[in-house]
There are 2 protein chains.
Amino acid sequence: VASSSQPAEMRWWGWGESGHRPALSSHTLAYLRASLGLAGRPRPPVALQQVRLAPSRLSEPVADRLRALLGPTGVAIDHRERVLHAAGKGYPDLVRMRAGEPEGAPDAIIYPREHEQLRRVLEVCAAASIAVVPFGGGTSVVGGVAPLAGGHAAVVSLDTRELREVLELDRQSATVAVGAGIRAPALEAYLGSRRLTLGHFPQSYEYVSLGGCAATRSAGQASSGYGAIAEMVLGLRLAAPADEIDLPALPATAAGPGLRQTIVGSEGILGVISELRLRVREAPAERRYEGVFFENLAAGVQALRTLTREHAVPDVARLSDERETQVSLMLAGAGTLKGELARAYLGARGYRGGCLAILGFEGGREEVAARRRRARALVRGCGARSVGRAPGQAWLKGRFEAPYLRDDLLEHGVMVETLETAVQWSGLLGAHQRITDAIAAAMAAQGTPGIVMCHVSHLYESGASLYFTLIARQLEDDPVAQWRVVKQAAGDAILASGATITHHHAVGRDHRPWMEREVGAGGIRALKALKSELDPSGIMNPGKLLPES
Amino acid sequence: VASSSQPAEMRWWGWGESGHRPALSSHTLAYLRASLGLAGRPRPPVALQQVRLAPSRLSEPVADRLRALLGPTGVAIDHRERVLHAAGKGYPDLVRMRAGEPEGAPDAIIYPREHEQLRRVLEVCAAASIAVVPFGGGTSVVGGVAPLAGGHAAVVSLDTRELREVLELDRQSATVAVGAGIRAPALEAYLGSRRLTLGHFPQSYEYVSLGGCAATRSAGQASSGYGAIAEMVLGLRLAAPADEIDLPALPATAAGPGLRQTIVGSEGILGVISELRLRVREAPAERRYEGVFFENLAAGVQALRTLTREHAVPDVARLSDERETQVSLMLAGAGTLKGELARAYLGARGYRGGCLAILGFEGGREEVAARRRRARALVRGCGARSVGRAPGQAWLKGRFEAPYLRDDLLEHGVMVETLETAVQWSGLLGAHQRITDAIAAAMAAQGTPGIVMCHVSHLYESGASLYFTLIARQLEDDPVAQWRVVKQAAGDAILASGATITHHHAVGRDHRPWMEREVGAGGIRALKALKSELDPSGIMNPGKLLPES
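1. A closer look at the overall build of chain A
Then, in step 1: Within chain A, the regular secondary structure consists of 19 helices and 19 strands.
Then, in step 2: Relative to a compact globule of 549 residues, whose C-alpha radius of gyration would be 24 Å, chain A shows 23 Å and is just as compact.
Then, in step 3: Buried residues in chain A amount to 64% of all 549 residues.
Then, in step 4: In chain A, of all internal contacts separated by at least 6 residues, the share reaching a separation of at least 24 is 78%.

2. Some words on the packing of aromatic side chains
Residues and elements named next belong to chain A.
Then, in step 1: Tallying each qualifying case throughout the model produces eight aromatic pairs over all chains.
Then, in step 2: On the numbers, 5.9 Å between centres and 20° between planes, the contact of Tyr 289 with Trp 395 is stacked. Here the residue Tyr 289 occupies a position in strand β13 (residues 286-294), and Trp 395 occupies one in helix α15 (residues 390-398), the gap between them amounting to 106 residues. Like Trp 395, Tyr 289 is buried.
Then, in step 3: Put simply, the rings of Phe 201, Tyr 205 and Phe 400 pair up and form one aromatic cluster.
Then, in step 4: Between Arg 194 and the ring centre of Tyr 190, over which it is positioned, the NZ or CZ distance is 3.8 Å.

3. A few points about empty space enclosed by the protein
Then, in step 1: Considering all chains together, one arrives at ten cavities of 30 Å³ or more under this definition.
Then, in step 2: Taken as a whole, the largest cavity spans an internal volume of roughly 200 Å³.
Then, in step 3: Lining the largest cavity are 19 residues, and of these Glu 9, Met 10, Phe 135, Gly 137 and Arg 183 of chain B lie nearest its centre.
Then, in step 4: Looking at the lining of the largest cavity residue by residue, the class counts come to eight nonpolar, five polar and six charged.
Then, in step 5: Its volume calculated, the second largest cavity comes out at about 60 Å³.
Then, in step 6: Every residue lining the second largest cavity is listed: Ala 86, Ala 87, Asp 93, Arg 96, Met 97, Pro 102, Glu 103, Gly 104, Ala 146, Pro 147 and Arg 509 of chain A.
Then, in step 7: Grouping the amino acids of the lining of the second largest cavity by side-chain chemistry returns six nonpolar, one polar and four charged.

4. Some points on the pairing of strand β6 (residues 165-170) of chain A
All names here are of chain A.
Then, in step 1: Two elements, strand β1 (residues 2-3) and β6, share two bridges in a ladder whose sense is antiparallel. By the bridge assignment, Ser 3 is partnered in β6 with Glu 165.
Then, in step 2: As paired elements, β6 and strand β7 (residues 175-179) share four bridges and run antiparallel to each other. Bridge pairing links Glu 168 to Ala 177 in β7.

5. Thoughts on the packing of helix α2 (residues 60-70) of chain B against helix α5 (residues 115-128) of chain B
Residues and elements named next belong to chain B.
Then, in step 1: The interhelical angle for the contact between α2 and α5, taken along N-to-C directions, is 170°, at an axis separation of 10 Å. Considered as vectors, α2 and α5 are oriented roughly antiparallel to each other. From α2, Val 62, Arg 65, Leu 66, Leu 69 and Leu 70 reach across to α5, where they touch Gln 117, Arg 120, Val 121, Val 124, Cys 125 and Ala 128.
Then, in step 2: In the contact of α2 with α5, the residues fall into eight nonpolar, one polar and two charged.

6. Things to note about α5 of chain B
Residue and element names in this part refer to chain B.
Then, in step 1: The terminal C-alpha atoms of α5, which comprises 14 residues, lie 20 Å apart, in line with the 20 Å expected from a rise of 1.5 Å per residue.
Then, in step 2: Where α5 is concerned, the buried positions are His 115, Gln 117, Leu 118, Arg 119, Val 121, Leu 122, Val 124, Cys 125 and Ala 128.
Then, in step 3: Its side-chain oxygen placed 2.9 Å from the backbone nitrogen of Glu 116, Glu 114 serves as the N-cap of α5.
Then, in step 4: Just past α5, the residue Ser 129 takes up positive phi, approximately 55°.

7. Details of the interface of chain A and chain B
Accessible area lost on assembly of the parts is the figure often given for the size of an interface.
Then, in step 1: Contact residues are listed per partner, giving 74 residues for chain A and 73 residues for chain B.
Then, in step 2: Buried surface at the junction of chain A and chain B, summed over both partners, amounts to about 5800 Å²; 58% is from carbon and sulfur atoms.
Then, in step 3: Run the count over chain A and chain B and you get eight salt bridges.
Then, in step 4: Asp 243 of chain B serves as the salt-bridge partner of Arg 525 of chain A, at 3.1 Å between the closest nitrogen and oxygen.
Then, in step 5: Run the count over chain A and chain B and you get 32 residue pairs in polar contact (both at pLDDT 80 or more).
Then, in step 6: Among the elements that take part in the side of chain A that touches chain B, helix α19 (residues 512-534) of chain A stands out by supplying twelve residues, more than any other.
Then, in step 7: In terms of residue class, the side of chain A that touches chain B is made up of 32 nonpolar, 24 polar and 18 charged.

8. With respect to the sheet that holds strand β10 (residues 244-247) of chain B
Residue and element names in this part refer to chain B.
Then, in step 1: Read from one edge to the other, the open sheet built from six strands follows the order β1-β6-β7-β11-β9-β10, with strand pairing classed as antiparallel. Every interior strand has two partners, whereas the edge strands, β1 (2-3) and β10, have only one.
Then, in step 2: Of the strand pairs in this sheet, strand β9 (residues 233-239) and strand β11 (residues 272-279) are connected by six bridges, and their pairing is antiparallel. Following the sheet pairing, Arg 237 is matched in β11 by Glu 275.

9. Points about the relation of the copies chain A and chain B
For the pair of chain copies, the relating operation is a rotation around an axis with a shift along it.
Then, in step 1: Overlaying chain A with chain B gives an RMSD of 0.0 Å, the required rotation being 180° about an axis along which the chain moves by 0.0 Å. The two molecules are tied by a two-fold rotation axis, judged by turn and shift.
Then, in step 2: Of all interface residues in chain A, 99% are interface residues in chain B too; the two copies therefore contact each other through one and the same surface.

10. Regarding the nonpolar core
Then, in step 1: Core analysis: the biggest nonpolar cluster contains 251 residues, and Leu 210, Leu 278 and Ile 439 of chain A together with Leu 210, Leu 278 and Ile 439 of chain B have the highest contact counts within it.
Then, in step 2: In this view, Ile 439 of chain B contacts Leu 419, Val 452, Phe 468, Leu 470, Val 486 and Ala 490 of chain B; residues no more than four positions away in its chain are not counted.

11. A short note on the state of the cysteines
Then, in step 1: One pass over the structure, following the stated rule, counts zero disulfides over all chains.
Then, in step 2: Between Cys 382 of chain A, a cysteine without a disulfide, and Cys 355 of chain A, which holds the nearest cysteine sulfur, the sulfur-to-sulfur distance is 14 Å.

12. Some remarks on the pattern of salt bridges
Residues and elements named next belong to chain A.
Then, in step 1: Tallied over the entire structure, the rule returns 81 salt bridges over all chains.
Then, in step 2: Between Arg 371 and Glu 367 there is a salt bridge, with the nearest N and O atoms lying 3.7 Å from each other. Note that Arg 371 and Glu 367 are positioned in helix α14 (residues 365-380) at a spacing of four residues, about one turn of the helix.
Then, in step 3: Residue classification places Glu 367 among the buried residues on the basis of a relative accessible area of 13%.
Then, in step 4: One salt bridge connects Lys 531 with Asp 535, and the closest N-O pair in it is separated by 2.6 Å.
Then, in step 5: The exposure class assigned to Lys 531 is buried, which follows from its relative accessible area of 14%.
Then, in step 6: With relative accessibility at 1%, the residue Asp 535 sits in the buried group.
Then, in step 7: Three or more residues joined by partner-sharing salt bridges are found here, namely Glu 9, Arg 80, Glu 81, Arg 113, Arg 161, Glu 162 and Arg 164.

13. Some points on the sheet that holds strand β19 (residues 463-473) of chain B
All names here are of chain B.
Then, in step 1: An order of β16-β13-β15-β14-β18-β19-β17 is seen for the seven strands of this open sheet, with the pairing classed as antiparallel. Among the strands making up the open sheet, the edge pair consists of β16 (385-388) and β17 (414-424). Pairs of neighbouring strands in the sheet enclose a mean axial angle of 25°, with direction left out of account.
Then, in step 2: Pairing of strand β14 (residues 316-320) with strand β18 (residues 451-457) involves three bridges; the strand directions are antiparallel. Pairing of Arg 318 across the sheet is with Ser 457, part of β18.
Then, in step 3: With respect to the sheet, helix α16 (residues 402-411) is in contact with β17 and β19, its orientation differing from that of β17 by roughly 140°.

Parameters at a glance
- Residues numbered from 1 in each chain as written.
- Chains lettered and ligands numbered in written order.
- Predicted model: local features only at pLDDT ≥ 70, side-chain atom pairs only at ≥ 80, totals over all residues.
- Heavy atoms only, no water.
- Helix = DSSP H or I, 4+ residues; strand = E, 2+ residues; numbered from the N terminus.
- Rg over C-alpha atoms; globule rule 2.2 N^0.38 Å.
- Buried < 20%, exposed > 50% of the residue type's maximum accessible area, 1.4 Å probe, protein only.
- Contact = heavy atoms within 4.5 Å.
- Phe/Tyr/Trp six-rings, centres within 6.5 Å; stacked < 30°, edge-to-face > 60°.
- Lys NZ or Arg CZ within 6 Å of the ring centre and 35° of its normal.
- 1 Å grid on protein atoms, 1.4 Å probe; cavity = no way out; pocket = protein on both sides within 12 Å on 5 of 7 lines; lining within 4 Å.
- Points joined across faces, edges and corners; volume = space filled by probe spheres on them.
- Nonpolar A, V, L, I, M, F, W, Y, C, P; charged D, E, K, R; others polar.
- Pairing = 2+ DSSP bridges.
- Axes fitted to C-alpha atoms, helices over the stretch in contact; angles between N-to-C directions.
- Parallel < 35°, antiparallel > 145°, perpendicular 65-115°, else oblique.
- Expected span 1.5 Å × (residues − 1).
- Polar contact = N/O pair within 3.5 Å; in protein donor to acceptor, adjacent residues only side chain to side chain.
- Buried area = accessible area lost by both parts, 1.4 Å probe.
- Salt bridge = Lys/Arg side-chain N within 4 Å of Asp/Glu carboxyl O.
- Least-squares fit on C-alpha atoms with pLDDT ≥ 70 in both.
- Core = buried A, V, L, I, M, F, W, Y, C linked by side-chain atoms within 4.5 Å.
- Disulfide = S-S within 2.5 Å.

Everything listed here is a matter of coordinates, which is why it stays silent on function.
Here it is as structure tokens:
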């Protein structure tokens, strides 16, 4: 039907493309210097050619077999491509990449162009004991694309960027079939010109592939209204080393276990998702985003819970805790609309603390007006005070900015990490406190007391997500070890709170230690059985998702 | 927390309890006699003691081991219990049971009282090569509880009725944990007294167990609003012969493949669901059900599709095709409100054909009023004409009556079957025609031309369910063979239409022939791998869901 354009390539040491303006203001930097005790000098990344890679272990006969299948441009072994596929975009990934010392790099990168070719490539790799790491946008923040060979002779990164066609649009059923490598902006552009939208806007939106979203059970910022990717995937095609699974788009079925949902979230360990059949919606005529203030987090949580109970959920709902509210208002900076308005508001009404929430409504004009009216009445009943559209518009404008800010923070020696979970309403405030305390304690215990902020978002009838951001001064000696201590404390606190180890970042390499506590030994056993059947030689994304045997 | 009362037992040869008033009016019978060419004499079922069963094959040592675990009342081998567990409630089941000739019967019935006991029972059965058929309400219409031994030494029916406690109510999170054997009315009674509801009302509601609903991926009549069971199950516990899987209630998680959804729909082939953690909702203050008329099916489908597109879906939406509308108005009978009003309406407006739809809204008073206003405006734009509340109220009143009617039809020598599918909007009208034609032709080809009726229900953004009812004169010689010809034609037409073999009846024994076409060889392979791991000796519900090897 349509071919999307060649996707943009991110800078290898960070987020986004070269030339992106700095996201960190001097004002913010001064604040961080003072509060975190930063050293003065910026630490830029090394040059591309300085990145140290071991020589490729891909043998010539295997390379020849792959080239025979994929053509000469379908296999890359050069330094630049290997560096570009050496890591995802998690904090430890970026720390290592900036230092020019990745944990490893793929021995080659392969670019299959269609499903059958992909299947044959997997057969070749299985026969030659070559590990395969599916690579979409490369935006994983949990080590999901780390080039781990898992005991195999070599590891290749299977980049899905050539699988990016729009295959079929079914307007009546409001579904679209796409190659899984299509990037989110390309799909939105295709749909937008037809007044449709997928409605999937994760923070990685600018670079993420839809196949990656499906494989990692992604949820976008508007998931309260549009649903998470799991609800959008009505059918899909999986190429596995031993077989394939091809499930058509269906509105629903009772024909056995939910195989679609078994493949969604499989993180490349069963095979490569080559095609997706996705639900789409009418593009909204109106987008109305606004801010409301609550006295404290408990009042805000009560309001969000009420919205779910009354079936009056906005498309976007995110409630910052007091610390996130305070920091984001401060960092909004003198001269910005959001900062000034919020400050004026806070001054006028005499707020000392409080929590800012963003509520966003999308849809037809009348629909938005009606839903907004109802939601506002409900949150007002829980003590919300409106702060108008400015904070909502500011949030919309900056919604994809955080990863750029992270690059600037890394440059100035700041440890910065985000992590997320989901939990039932009855456990939410307790989990928030416990996880916040655990992270703060783990940072302080290393002599780097920091800031822990959180927001509640992604509303469900039974609970919501908690999304934490933490910053502290980076320890120069071993920043990854420093990070690991914090991550361990956070993960343990999450599981101890009855929450899930991940709401939308997936498991990857970094959350493996908690996976057995998450689904139990029986759950792991079931997943391993599935993997053994579809990937008997264990070449698919080793070292991810499943705990070590 | 609370124990629900001992569940009611259905009459072994049909639906419901003894003493239920006849559902078939003399007026309807006369119509059927004429149009289907029925023979005159009613054919009652044989007496209970006349039902022919082979002697139980359960060996004394195994029976003793089971009694040691379950106590003397935990194992039954008497004629009555064996007959009561000999079949589900599908048409071929009832034909055989009424004749006193079931295909088989379980060699014993066992009644575990809690999860750990259940696990030990499965271990005993695995060691002794005893097949285990999980049995909740016994309402399967696809042979899901057929007592097939699958080559094992014997087969037991594992009745979950003692696993019927309400284990925990979490009001804040709006979730309830229950033993999987709890019946739907018992759970609704418990919830209703707390102004809550599950909102799951399949036609089998009066007798169905929630564990059975989860295992068969059931959808209730109000699934357009409340969702299907798959959306209600937030966590569950599975006891399998080789292990267990215990997943807590979570609003959402990205920790790997959707294991909850892999167990939902597993139809007892992986193990027995012992516990469910379910989402609940506020009980509706208002229930408003009403009828609207469309010129034809296409106009009605267009209206339903518009409701989904505009996010204005009623909780119940069902649109009868012309034949179903005609027959149901006729059968509503002289003197009934629905019949009279509809007839008056048809007369007044001069309708010759047309399609009746029921739209039902539930919720708070204002919410219902607002949603109804919006939906009415949208369907009016697609040509709908209101026929007021009477048809809606009549439908609500009779919503669980069809299985009683079926018993009366069987008594008078009528073949009656229902079957269902789901399909994308773009294929819906084509599928309706193709499946209708295939069923009609298969009935006519056997010398028993009949009536095929259908309604569209269970709305989704990308499509909807089609629910067919067929009746014809029963062939006396081999009514099951007659049924099988029709079923084969219907199933083939469904798959040829790009639709699913089942939207909410599940696969069981009867839909196995289409399962490989439904999920492909790779999908079957994945499911078999899961089964082999959790049930290595293959004792769990043999002969169901998976195609024969």
